[in-house]
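Spelled out from the first residue to the last, the chains are:
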Amino acid sequence: MPKAVVEDIGKFNHHYPKVAVIVTASVQDRMDAMTAAWHSSISFTPPLYGVSMMPSRFTYRLIAESKEFGINFIPFEKASLAARVGGISGQETDKFQRLGIETEKPARTKVPVLKDAYVAYECKLVDSKPYGDHIWIVGEIVAVRYLEEALAGEGILNLERVKPLLYFGSDFYATTDKNSLTFIKKGI
Ligand SMILES: Cc1cc2nc3c(=O)[nH]c(=O)nc-3n(C[C@H](O)[C@H](O)[C@H](O)COP(=O)(O)O)c2cc1C
């Protein structure tokens, strides 16, 4: 089968799907939320999590000031929330009010924790560094809130209860087929 090779990279979308999350932050009574697909776990000890953000994001401005951020994992049923939160800037609009986003009390920070999230990480900013047109922000996870039924016995996502939100790029979303879940012991 032929494979294409390009060297003029431009806007690359080949690494999707990725899980889409809602990143939140607040400064005093000003809150904001944005959708992010470019994020990753970094370290277990200490527990570090990173997000790649355009410096123009209003959420980034609140994170830079408050030194805190939240990572909210929402289910596939809330894909339209991800599309809406990721389609307008919070600079002029209070997205929480406009979209009726409900929050829960955070445990260790002042970041908005979404009621719709099946898992939420509260993070304290430890570092941020520009890479190209984005800034890689790194936070230490200081609290994890999760819906108990969202996790199966093995500590993995319970696909009977939660459909993860996968982003395919170009405004396309999907979820996983629970029947595709397979246990394969690592090693040779
Ligand atoms: C599915 C999806 C994924 C996105 N991923 C990112 C991302 O990883 N980093 C980023 O800076 N912006 C990303 N965006 C764009 C922001 O969410 C969008 O610009 C948002 O309106 C910023 O809001 P704010 O200015 O209120 O912070 C994404 C948008 C969508 C819809």
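The structure under discussion appears in the preceding block.
Nothing here was measured: the structure is a model prediction, and the numbers come from that model.

Student: Explain the overall build of the protein here, please?
Tutor: Of regular secondary structure, the protein possesses three helices and 12 strands. Over its C-alpha trace the protein gives a radius of gyration of 17 Å, about what one expects of a compact globule, namely 16 Å for 188 residues. Taking the principal axes of its C-alpha atoms as reference, the protein extends roughly 55 × 45 × 35 Å. Every one of the 188 residues in the protein was classed for burial, and the buried ones make up 39%. In the protein, the share of contacts with a sequence separation of at least 24, taken over all contacts with a separation of at least 6, comes to 59%. Accessible surface, the protein: about 12000 Å² in total, of which carbon and sulfur atoms supply 53%. One way to put it: in the protein the 23 positive side-chain charges average out to a point 1 Å from where the 22 negative ones average out.

Student: Could you clarify how one ought to interpret the side chain of Asp 32 in this entry?
Tutor: Within the element layout of this structure, Asp 32 appears in strand E3 (residues 30-36). Given a relative accessible area of 1%, Asp 32 falls into the buried group. Within the structure, Asp 32 has its side chain in polar contact with the side chain of Thr 59 (distance 3.1 Å). The contact partners of Asp 32, leaving out residues within four places of it in the chain, are Val 23, Thr 24, Ala 25, Phe 58, Thr 59, Leu 62, Gly 90, Lys 95 and Phe 96.

Student: Sorry if this is basic, but what is going on with the nonpolar core here?
Tutor: Here is a general trend for soluble globular proteins: nonpolar side chains tend to be buried in one another's company. Judged by nonpolar contacts, the single largest core of 25 residues is most densely connected at Val 23, Val 51, Ile 63, Phe 69, Ile 71 and Ile 137. Here Ile 137 is in contact with Tyr 49, Gly 50, Val 51, Met 53, Tyr 60, Ile 63, Phe 69, Leu 125, Asp 127 and Ser 128, once residues within four sequence places are set aside. Counting residues in hydrophobic clusters, the runner-up holds 19 residues, among them Ala 33, Leu 99, Leu 114 and Ala 120.

Student: Explain the sheet that holds strand E1 (residues 18-19) here, please?
Tutor: Picture the strands of a sheet paired through backbone hydrogen bonds; they go either parallel or antiparallel. Spatially, E1-E11-E12 is the arrangement adopted by the three strands of the open sheet, whose pairing is antiparallel. With partners counted over all chains shown, the strands left at the sheet margins are E1 and strand E12 (172-174), one partner each. Bridge count for E1 against strand E11 (residues 166-169) is two bridges, and the pairing is antiparallel. Each residue of the ladder has a partner; that of Lys 18, found in E11, is Tyr 167.

Student: Honestly, the site of the ligand in this entry has me stumped. Any pointers?
Tutor: In the vicinity of the ligand lie 21 residues, with Asp 32, Thr 35, Thr 59, Ile 88 and Gly 90 positioned nearest. Separating an oxygen atom of the ligand from a backbone N or O atom of Trp 38 is a distance of 3.0 Å. Interatomic distance of 2.9 Å between a backbone N/O atom of Met 54 and an oxygen atom of the ligand. Summarising the interface, the protein chains cover 89% of the accessible area of the ligand, which totals 650 Å² for the free molecule. Elements that contribute at least two residues to the shell around the ligand include exactly E3, strand E5 (48-53) and helix H1 (58-66). For the shell around the ligand, the leading source of residues is E3, giving four residues. Of the residues belonging to the shell around the ligand, the class tally is 11 nonpolar, seven polar and three charged.

Student: Can you walk me through the packing of aromatic side chains in this structure?
Tutor: Centre-to-centre distance and the angle between the planes together describe a pair of aromatic rings. Counted under the stated rule, the structure contains six aromatic pairs. Ring geometry for Phe 73 against Tyr 121: centres 5.5 Å apart, planes inclined by 70°, an arrangement best described as edge-to-face. Of the two residues, Phe 73 is situated in strand E6 (residues 68-73) and Tyr 121 in strand E9 (residues 119-131); the sequence distance between them amounts to 48 residues. On the accessibility criterion, Phe 73 (11% relative accessible area) is buried. Among the aromatic residues, those joined into a cluster by ring pairs are Tyr 49, Phe 73, Tyr 118 and Tyr 121.

Conventions used here
Residues numbered from 1 in each chain as written. Predicted model: local features only at pLDDT ≥ 70, side-chain atom pairs only at ≥ 80, totals over all residues. Heavy atoms only, no water. Helix = DSSP H or I, 4+ residues; strand = E, 2+ residues; numbered from the N terminus. Rg over C-alpha atoms; globule rule 2.2 N^0.38 Å. Buried < 20%, exposed > 50% of the residue type's maximum accessible area, 1.4 Å probe, protein only. Contact = heavy atoms within 4.5 Å. Areas by Shrake-Rupley, 256 points an atom, 1.4 Å probe, with all protein chains shown as cover. Lys, Arg positive; Asp, Glu negative; His and termini not counted. Charge placed at Lys NZ, Arg CZ, Asp CG, Glu CD. Polar contact = N/O pair within 3.5 Å; in protein donor to acceptor, adjacent residues only side chain to side chain. Core = buried A, V, L, I, M, F, W, Y, C linked by side-chain atoms within 4.5 Å. Pairing = 2+ DSSP bridges. Near = heavy atom within 4 Å. Nonpolar A, V, L, I, M, F, W, Y, C, P; charged D, E, K, R; others polar. Phe/Tyr/Trp six-rings, centres within 6.5 Å; stacked < 30°, edge-to-face > 60°.

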